[in-house]
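Observations on the three-dimensional arrangement
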Protein chains: 2
Amino acid sequence: MGKVVCDIAVSLDGFVTGPDDRVGNPLGDNGELLHEWVFDAGTDVDHDVFAERFKTSGAVVVGRRMFDVGFEPWGDPPPYEGLPVFVVTHEARDPIPMQGGTTYVFVSTGIEDAIAQAKEAAGGKDVGLFGGAAIFQACFRAGLVDQMLIHVVPVLLHRGVRLFERLDGAPIKLEKTRAVETPHATHLWLAVPR
Amino acid sequence: MGKVVCDIAVSLDGFVTGPDDRVGNPLGDNGELLHEWVFDAGTDVDHDVFAERFKTSGAVVVGRRMFDVGFEPWGDPPPYEGLPVFVVTHEARDPIPMQGGTTYVFVSTGIEDAIAQAKEAAGGKDVGLFGGAAIFQACFRAGLVDQMLIHVVPVLLHRGVRLFERLDGAPIKLEKTRAVETPHATHLWLAVPR
């Protein structure tokens, strides 16, 4: 069975978007600084890390808010390499098939069910939990996250949406299973103990 | 002239102490998890990183709160390898000479003056700004920090004192000049642009 991997870029000061994230400003002010490594500014090593996620993943899960702000800029075909994207939402909604093979599937029956459906669709590959912060936190609290792939970008945004918030309980020692350093990001693979 | 280097360990979720940090509980609940790499649990590589700070630094600056909670557990001689430690405080106070060569010098004339005195004492070596979070934030806001050496520890504390808070203004792209990975920490050297 594949793992559930929370795969997300964060600033050194812990933000996954800048302030004022909304439709039309999906990454928040200056949030694009978190993703430069994905594009031209990144190295081949960064690009390999990015591409690898689509080889190891068989399905993607995102939160409804990330879907709402991302739908238009992602375009058609969306940048999910044909993988199905499960959107956790409160409202039932028909699937949206896109070019390139990706279908947006809306799951209104809770995060456990969304993850279960994604696992089923992934056929033994990993489920990529791509954000945003709220769905990560909900999945983490529910014990649904097996691994984190955190791309720590050496930038200080000062404000925005924090990845690590609203978590509680005993401290958790993660097991760093792999790390890749480039000038643009520190890519950390961290296993969540059971 | 030496650099001012903010040298501090943070959890992956951004905390430099656990909750309830105070005299008698200087690192906050479970805050010792942030410093295991310094001690037996760390590797030789971790220990080299830790030792290097005392070779490149000629003086240390800490906040008053860190001094208050640290004074007793640090003991005599304190773990500063004989370097003078400048404590930024609001109350004038006589210096406290310790065994091993370290003297605690209290500076009540502001952070700029504390950094200036530490630079003078450092004789061309770096000034190590060892924490806590409040003095780092004050120095960073005042443009006094040249470099950060951040030891990112793969642990989630969930609560405590955040390093990156109360900063504002335009985003800052740091230049990663060096990185050392061990299972226990990601040691990142980051230059702050002028």
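Quick summary incoming for the structure in this document. Going along each chain's sequence as written, the residues are numbered from 1 onward. Just so you know, chain letters begin at A and ligand numbers begin at 1, following the order they were written in. Only residues with pLDDT of 70 or above have their local features reported here, since the model is predicted, and side-chain atom pairs are shown and tallied only from 80 upward, although totals for entire chains, interfaces and linings are computed over all residues. To get the side-chain values, take all heavy atoms of the structure and skip hydrogens and water.

**Concerning empty space enclosed by the protein**
Selection criterion: Using a 1 Å grid laid over the protein atoms alone, points where a 1.4 Å probe fits but cannot get out form a cavity; open sets with protein on both sides within 12 Å along at least 5 of 7 lines form a pocket; any residue with an atom within 4 Å of a point counts as lining. Grid points are joined across faces, edges and corners, and a volume is the space filled by probe spheres set on the points. The way it works is that DSSP assigns letters per residue, a run of H or I at least four long becomes a helix, a run of E at least two long becomes a strand, and they are numbered from the N terminus.
Under the defined criterion, the tally for this structure stands at one cavity of 30 Å³ or more. Estimates place the volume of the largest cavity at around 210 Å³. Along the walls of the largest cavity sit 16 residues, with Ser-11, Leu-12 and Gly-14 of chain A together with Leu-12 and Gly-14 of chain B positioned nearest its centre. Of all the elements in the fold, those that place two or more residues in the lining of the largest cavity are β1 (4-11) of chain A together with β1 (4-11) of chain B.

**Here's the deal with the side chain of Thr-102 of chain B**
Residue and element names in this part refer to chain B. Selection criterion: Accessible area is worked out with a 1.4 Å probe on protein chains only. A residue is then buried under 20% of its type maximum, exposed over 50%, and partly exposed in between. Within 3.5 Å is the distance limit for a polar contact, defined as a pair of N or O atoms, with the added protein rule that one can donate a hydrogen and the other accept it, and that residues adjacent in sequence qualify only through two side-chain atoms. Here, two residues are considered to be in contact whenever any of their heavy atoms come within 4.5 Å of each other.
Relative to the helices and strands, Thr-102 resides in the loop between β5 (96-97) and β6 (103-107). Overall, Thr-102 belongs to the buried group, its relative accessible area being 1%. Among the polar contacts made by the side chain of Thr-102, one reaches the main-chain amide nitrogen of Gly-82 at a distance of 3.4 Å. In this structure the side chain of Thr-102 is engaged in a polar contact, spanning 2.8 Å, whose partner is the backbone oxygen of Leu-83. Those residues in contact with Thr-102, other than ones at most four positions away along the chain, are Pro-78, Tyr-80, Gly-82, Leu-83, Val-85, Ile-96 and Pro-97.

**With respect to the pairing of strand β8 (residues 147-153) of chain B**
Residues and elements named next belong to chain B. Applicable threshold: We treat two strands as partners when DSSP finds at least two bridges between them.
Counting buried positions over the seven residues of β8 gives seven, a clear majority of the element. Residues Gln-147, Leu-149, His-151 and Val-153 of β8 are buried on one face, and the alternating residues Met-148, Ile-150 and Val-152, pointing to the opposite face, are buried as well. Here β1 pairs with β8 via seven bridges, running parallel. Within the sheet, the bridge partner assigned to Ala-9 lies in β8 and is His-151. Pairing geometry for β8 and strand β13 (residues 186-191), over six bridges, is antiparallel. Counterpart to Ile-150 in the pairing with β13 is Leu-188.

**Focus: the packing of aromatic side chains**
All names here are of chain A. For clarity, the threshold we go by: Only Phe, Tyr and Trp rings take part, Trp by its six-membered ring, and two of them pair if their centres are within 6.5 Å. Stacked means planes under 30 degrees apart, edge-to-face means over 60, and tilted covers everything else. For a lysine, the NZ atom is tested; for an arginine, the CZ atom; a charge sits over a ring if that atom is within 6 Å of the ring centre and within 35 degrees of the ring normal.
For the structure shown, the criterion picks out 24 aromatic pairs over all chains. Geometrically, the ring pair formed by Trp-37 and Phe-50 is edge-to-face, given 6.0 Å between the ring centres and 75° between the ring planes. On the criterion of sequence distance, the pair formed by Trp-37 in the loop between β2 (15-17) and α1 (44-56) and Phe-50 in helix α1 is long-range, its members being 13 residues apart. Taking relative accessible area as the criterion, Trp-37 reaches 3% and is therefore assigned buried. The class of Phe-50 is partly exposed, set by a relative accessible area of 22%. Arranged with centres 5.9 Å apart and planes meeting at 65°, the rings of Phe-71 and Tyr-104 form a pair that is edge-to-face. In this pair, Phe-71 sits in helix α2 (residues 64-74) while Tyr-104 sits in strand β6 (residues 103-107), placing the two residues 33 residues apart along the sequence. Ring pairing ties together the aromatic residues Trp-37, Phe-50, Phe-54, Phe-67, Phe-71, Trp-74, Tyr-80, Tyr-104, Phe-106 and Phe-130, which thus form one cluster. Seen from the ring of Trp-189, Arg-178 lies directly overhead, with NZ or CZ sitting 3.9 Å from the centre.

**Notes on the interface of chain A and chain B**
This is how it is decided: Within this document, salt bridges are pairs made up of a side-chain nitrogen of Lys or Arg and a carboxyl oxygen of Asp or Glu, the two lying within 4 Å of each other. Each residue receives one of three labels: charged for Asp, Glu, Lys and Arg, nonpolar for Ala, Val, Leu, Ile, Met, Phe, Trp, Tyr, Cys and Pro, and polar for the others, Gly being one of them.
In this complex, chain A contributes 33 residues to the contact, which on the side of chain B involves 33 residues. In this structure, the connection of chain A to chain B is made through six salt bridges. Across the pair Glu-36 of chain A and Lys-173 of chain B runs a salt bridge, and its minimum N-O distance is 2.9 Å. Here chain A is connected to chain B by 20 residue pairs in polar contact (both at pLDDT 80 or more). Looking at the side of chain A that touches chain B, the elements that each hand over two or more residues are β9 (155-156), β11 (172-173), β12 (175-181) and β13 (186-191) of chain A. Residue composition of the side of chain A that touches chain B, grouped by class: 19 nonpolar, five polar and nine charged. Note that β9 of chain A and strand β11 (residues 172-173) of chain B share two bridges and pair antiparallel. Opposite Leu-156 of chain A, over in β11 of chain B, you have Ile-172 of chain B as the bridge partner.

**Structural notes on the relation of the copies chain A and chain B**
Test applied: Superposing copies: least-squares fit, C-alpha atoms only, residues required to have pLDDT of at least 70 in both.
Superposition of chain A onto chain B requires a rotation of 180° combined with a translation of 0.0 Å along the rotation axis, giving an RMSD of 0.0 Å. Read as a symmetry element, the transformation amounts to a two-fold axis. Among all C-alpha atoms of chain A, that of Gly-14 of chain A lies closest to the rotation axis, at 3.3 Å. When the interface residues of chain A are mapped onto chain B, 100% of them again lie at the interface, so the same face is used by both copies.

**Quick notes on the pattern of salt bridges**
For the coordinates displayed, the defined rule picks out 22 salt bridges over all chains. Its salt-bridge partner being Glu-165 of chain A, residue Arg-166 of chain A comes within 3.8 Å of it at the nearest N-O pair. In this structure Arg-166 of chain A comes out as exposed when scored by relative accessible area, which is 56%. Taking the shortest distance from any N to any O, the salt bridge between Asp-68 of chain B and Arg-64 of chain B comes out at 2.3 Å. Of this pair, Asp-68 of chain B and Arg-64 of chain B are both found in helix α2 (residues 64-74), four residues apart, which corresponds to roughly one turn of the helix. For Arg-64 of chain B, a relative accessible area of 42% translates into the label partly exposed.

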